[in-house]
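# A structural walkthrough
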Amino acid sequence: KQEVTQIPAALSVPEGENLVLNCSFTDSAIYNLQWFRQDPGKGLTSLLLIQSSQREQTSGRLNASLDKSSGRSTLYIAASQPGDSATYLCAVNKGNTPLVFGKGTRLSVIA
Amino acid sequence: EAGVAQSPRYKIIEKRQSVAFWCNPISGHATLYWYQQILGQGPKLLIQFQNNGVVDDSQLPKDRFSAERLKGVDSTLKIQPAKLEDSAVYLCASSLGQQNEQFFGPGTRLTVL
């Protein structure tokens, strides 16, 4: 059974810092890994999707990497801003199976 | 392009009452998902549709939860009767196909008293 773990559970950083969020999964035979952002009381916004054949994806200040063999992914946020404050969720799936989510990392960027 | 629409956004009911949620996916998306997100947890899949057929409902508590996707577009999720532990956010998502990126709606926050 696939399990997804995200560390740390919460993180507080001053504005302007670069930061890394970690995601690990127990079954490396994944098809997609997806990073989401969730603001309080809101739904999920897809940030980046990495297919199993890819090593990384970039969008603006965000960069996600995937190391399938070790069952790890990182989300790098450059020059953090207060507007980046949210919960970041990592999820994986295997072929046609549903996404399995971690519990998320709650990020606070202090101005 | 319009996103995934859900209604209502909030619902408060008493235990043993019934409740229904509605979802309209992104136009052209064949796959539709219902997830339950309990506070402090990641979303958990309840049911997945491919067009109007059920692909996976293994984690749906079928004694009280039901869902349908008539005509392969809109979907409704019903809880009857509700229990206190059903308090959660119910998220609907859609994708072009089962292996494509999923897009989520704003969710419905259910409180069972």
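Within every chain, residues take consecutive numbers counted from 1 along the sequence as written. Lettering for chains starts from A, numbering for ligands starts from 1, and both go in the order in which the items are written. Per-residue local features are limited, in this predicted model, to residues with pLDDT of at least 70; the limit for side-chain atom pairs, both in listing and counting, is 80 or more; totals at the level of whole chains, interfaces and linings are taken over all residues. By convention in this description, side-chain values take in all heavy atoms of the structure and omit both hydrogens and water.

### Side note on unusual backbone geometry
All names here are of chain B.
- In this structure, the amide linkage connecting Ser7 to the following residue, Pro8, adopts the cis form with an omega of -10°.
- You can see Pro8 is positioned in the loop between strand E1 (5-7) and strand E2 (10-13).
- In this structure, Pro81 follows Gln80 across a cis peptide bond, with omega equal to -5°.
- Secondary structure elements follow DSSP: runs of H or I no shorter than four residues count as helices, runs of E no shorter than two count as strands, and numbering proceeds from the N terminus. Tracing the backbone shows Pro81 in the loop between strand E8 (75-79) and strand E9 (88-95).
- Despite not being glycine, Arg16 has its phi angle at roughly 80°, a positive value.
- Mapped onto the elements of the fold, Arg16 is located in the loop between E2 and strand E3 (19-24).

### A look at the layout of surface pockets
- By volume, the largest pocket is sized at about 680 Å³.
- Considering the residues around the largest pocket, the lining is formed by 29 residues, among which Lys1, Gln2, Glu3, Val100 and Phe101 of chain A are closest to the centre.
- Looking at the lining of the largest pocket, the elements that each hand over two or more residues are strand E1 (4-7), strand E9 (86-93) and strand E10 (100-101) of chain A together with strand E5 (44-50) of chain B.
- At three residues, E1 of chain A tops the list of elements feeding residues into the lining of the largest pocket.
- In terms of residue class, the lining of the largest pocket is built from 11 nonpolar, 11 polar and seven charged.
- Detection works on a 1 Å grid of protein atoms alone, calling trapped sets that fit a 1.4 Å probe cavities and calling open sets with protein on both sides within 12 Å along at least five of seven lines pockets, with lining residues defined by an atom within 4 Å of a point. What lines the second largest pocket is a set of 26 residues, among which Gln38 and Thr87 of chain A together with Gln37, Leu39 and Gly40 of chain B lie closest to the centre.
- Put simply, the parts of the chain that give the lining of the second largest pocket at least two residues each are E9 and strand E11 (105-110) of chain A together with E9 and strand E11 (108-112) of chain B. Grid points are joined across faces, edges and corners, and a volume is the space filled by probe spheres set on the points. Polarity classes work like this: nonpolar for Ala, Val, Leu, Ile, Met, Phe, Trp, Tyr, Cys and Pro, charged for Asp, Glu, Lys and Arg, and polar for all others, with Gly in that last group.

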